[in-house]
Amino acid sequence: MFARFAFPVLLALGAPTSALELDNMTDAEREQFRQEVRAYLLDNPEVLQEAIAVLQNREQEAQAAIDAALAQANTDTLFNDGHSFVGGNPDGDVTLVEFVDYRCGYCKRAFPEVAQLVSDDPNIRYVIKEFPILGEQSVLASRYAIATHLVAGDAVYEDVHNALMTFRGDITPVSLERLGDTFGLDNDAIMAAMESEEVEAVLTKNRELAQNLQISGTPTFVFQDQMVRGYVPLAEMETLIAEARAE
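Figured I'd write up the structure that's included with this text. (Residues numbered from 1 in each chain as written. Predicted model: local features only at pLDDT ≥ 70, side-chain atom pairs only at ≥ 80, totals over all residues. Heavy atoms only, no water.)

## Details of the overall build of the chain
We apply this condition: Secondary structure elements follow DSSP: runs of H or I no shorter than four residues count as helices, runs of E no shorter than two count as strands, and numbering proceeds from the N terminus. Each residue's exposure class comes from its accessible area (1.4 Å probe, protein chains only) as a fraction of the maximum for that residue type: buried when under 20%, exposed when over 50%, partly exposed otherwise. By the convention used here, residues are in contact when the closest approach between their heavy atoms is within 4.5 Å. Areas reported as accessible are Shrake-Rupley estimates using a 1.4 Å probe. Residue values count occlusion only from the protein chains shown.
When helices and strands are tallied, the chain shows 12 helices and five strands. In the chain, buried positions account for 40% of the 247 residues. In the chain, 73% of the contacts between residues at least 6 apart in sequence involve partners at least 24 apart. Summed over its atoms, the accessible surface of the chain is roughly 13,200 Å², and 51% of this surface lies on carbon and sulfur atoms.

So, in structure tokens, the structure goes:
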């Protein structure tokens, strides 16, 4: 009996013309066909696994194409917005952008590997976008980092960013003042700047950019025009940098 329905079974598994075969069947044949398909899949479950793998690959490729188009459409804002910190080599041949939340566990996990990547490769241009999404403490930390950048400049911002990425306690005005004291900062000036229109504008622009890029989580990385959502181990980041250079 299986031989009679082998062709329809194969069509059902992989070809849209199966609908034509099914339309030509009687009700009894159609029910038999369903039973044969079920039996075949139960006997050969690897077929489903293969089909799911193919589907997932296609979905990943489609998403990558969408992400690349989004990154290309927002290139200027991603790479040269005029307010984001630029580290590594400002004249590097590859730009890496990271959207971060200082309360994000995966951002903290990625932090030492991102630092090593930028340290080991002298031609990476590294751009940081504060994107606080995990509550009031996230917003407070991002405001402090951005205000520090405005008040004290790149070098001090980098120190504060690194400290916030490794900070494990609650983010409060008191803990931030203690952090500022560690670096000998003008806490009054920074605290005042935290509520300024300039800081609010940076956060607003970063949120708008994230929305345009369909980013909803942290960390999110952009390697030239390749977007990767979530934690990325060092070896994979190195591969993505190499691929960006090869384009």
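## Description of the sheet that holds strand 2 (residues 94–100)
Inclusion rule: Two strands are counted as paired when DSSP detects at least two bridges linking them. Each axis is a line fitted through C-alpha atoms, and for a helix only the stretch in contact is used; angles between axes span 0 to 180 degrees, taken between their N-to-C directions.
The sheet built from five strands is open, its strands ordered 1-3-2-4-5 with mixed pairing. Only two strands of the sheet have a single neighbouring strand rather than two, namely strand 1 (85–88) and strand 5 (226–229). Strand-to-strand twist in this sheet, taken as the mean axis angle between neighbours without regard to direction, amounts to 20 degrees. Strand direction decides the pairing type here: strand 2 and strand 3 (residues 124–130), joined by seven bridges, are parallel. Bridge pairing links Thr 95 to Arg 125 in strand 3.

## Digging into the nonpolar core
The cut-off we apply is this: Nonpolar core, defined: a set of buried Ala, Val, Leu, Ile, Met, Phe, Trp, Tyr and Cys residues in which side-chain atoms within 4.5 Å join the residues together.
By size, the foremost hydrophobic cluster in this structure holds 44 residues, and its most contacted members are Leu 96, Val 114, Tyr 144, Leu 164 and Phe 223. Ranked by the residues each element gives to this core, the list is headed by helix 6 (residues 105–120), at six residues. Every residue in contact with Leu 164, bar those within four places of it in the chain, is listed here: Tyr 102, Lys 108, Ala 141, Ala 145, Ile 171, Leu 176 and Leu 179. With 14 residues, the next largest nonpolar core counts Ala 71, Phe 99, Leu 213 and Ile 215 among its residues.

## Remarks on the pairing of strand 3
Along strand 3, seven of the seven residues are buried, which leaves the element largely enclosed by surrounding structure. Burial along strand 3 is two-sided: the face carrying Ile 124, Tyr 126, Ile 128 and Glu 130 and the face carrying Arg 125, Val 127 and Lys 129 are both buried. Pairing between strand 1 and strand 3: four bridges, direction antiparallel. Looking at the pairing, Phe 85 lines up with Ile 128 of strand 3.

## Description of the packing of helix 9 (residues 173–182) against helix 10 (residues 187–194)
Heads up, the rule is: Angles are sorted into four bins: roughly parallel if under 35 degrees, roughly antiparallel if over 145, roughly perpendicular if 65 to 115, and oblique for all others. Definitions for this section: a left-handed crossing has its near helix turned counterclockwise from the far helix by less than a right angle. A right-handed crossing has that turn clockwise. Just so you know the grouping, Ala, Val, Leu, Ile, Met, Phe, Trp, Tyr, Cys and Pro go in nonpolar, Asp, Glu, Lys and Arg go in charged, and all remaining residues, Gly too, go in polar.
Contact geometry of helix 9 with helix 10 gives a least axis separation of 10 Å together with a crossing angle of 135 degrees. By the angle between their axes, helix 9 is oblique relative to helix 10. In the packing of helix 9 onto helix 10, the handedness of the crossing is right-handed. Residues Pro 173, Leu 176, Glu 177, Gly 180 and Asp 181 of helix 9 pack against Asn 187, Met 191 and Met 194 of helix 10. Here the residues of the contact of helix 9 with helix 10 sort into four nonpolar, two polar and two charged.

## So, the environment of Phe 183
Inspection of the secondary structure assignment puts Phe 183 in the loop between helix 9 and helix 10. In this structure the C-alpha to C-alpha distance between Phe 183 and Asp 159, which are 24 residues apart in sequence, comes to 8.1 Å.

## What about the pattern of salt bridges?
Threshold: The salt bridge criterion pairs a side-chain nitrogen of Lys or Arg with a carboxyl oxygen of Asp or Glu, the two atoms within 4 Å.
A complete count under the given rule lists five salt bridges for this structure. Between Lys 129 and Asp 81 there is a salt bridge whose closest N-O contact spans 2.4 Å. Remark: Asp 81 occurs in the loop between helix 5 (75–79) and strand 1 and Lys 129 occurs in strand 3; sequence separation between them is 48 residues. Between Asp 93 and Arg 245 there is a salt bridge whose closest N-O contact spans 2.9 Å. With Asp 93 in the loop between strand 1 and strand 2 and Arg 245 in helix 12 (residues 234–246), the pair connects residues that are 152 residues apart, well separated along the chain. Linked by salt bridges that have partners in common, Asp 93, Asp 121 and Arg 245 make up one network.

## Overview of unusual backbone geometry
Cis geometry marks the peptide bond from Thr 218 to Pro 219, where omega comes out at -10 degrees. Relative to the elements of secondary structure, Pro 219 occurs in the loop between helix 11 (197–212) and strand 4 (220–223). A positive phi is found at Gln 214, a non-glycine position, where the angle reads about 60 degrees. Inspection of the secondary structure assignment puts Gln 214 in the loop between helix 11 and strand 4. Despite not being glycine, Gln 224 has its phi angle at roughly 60 degrees, a positive value. Mapped onto the elements, Gln 224 comes out in the loop between strand 4 and strand 5.

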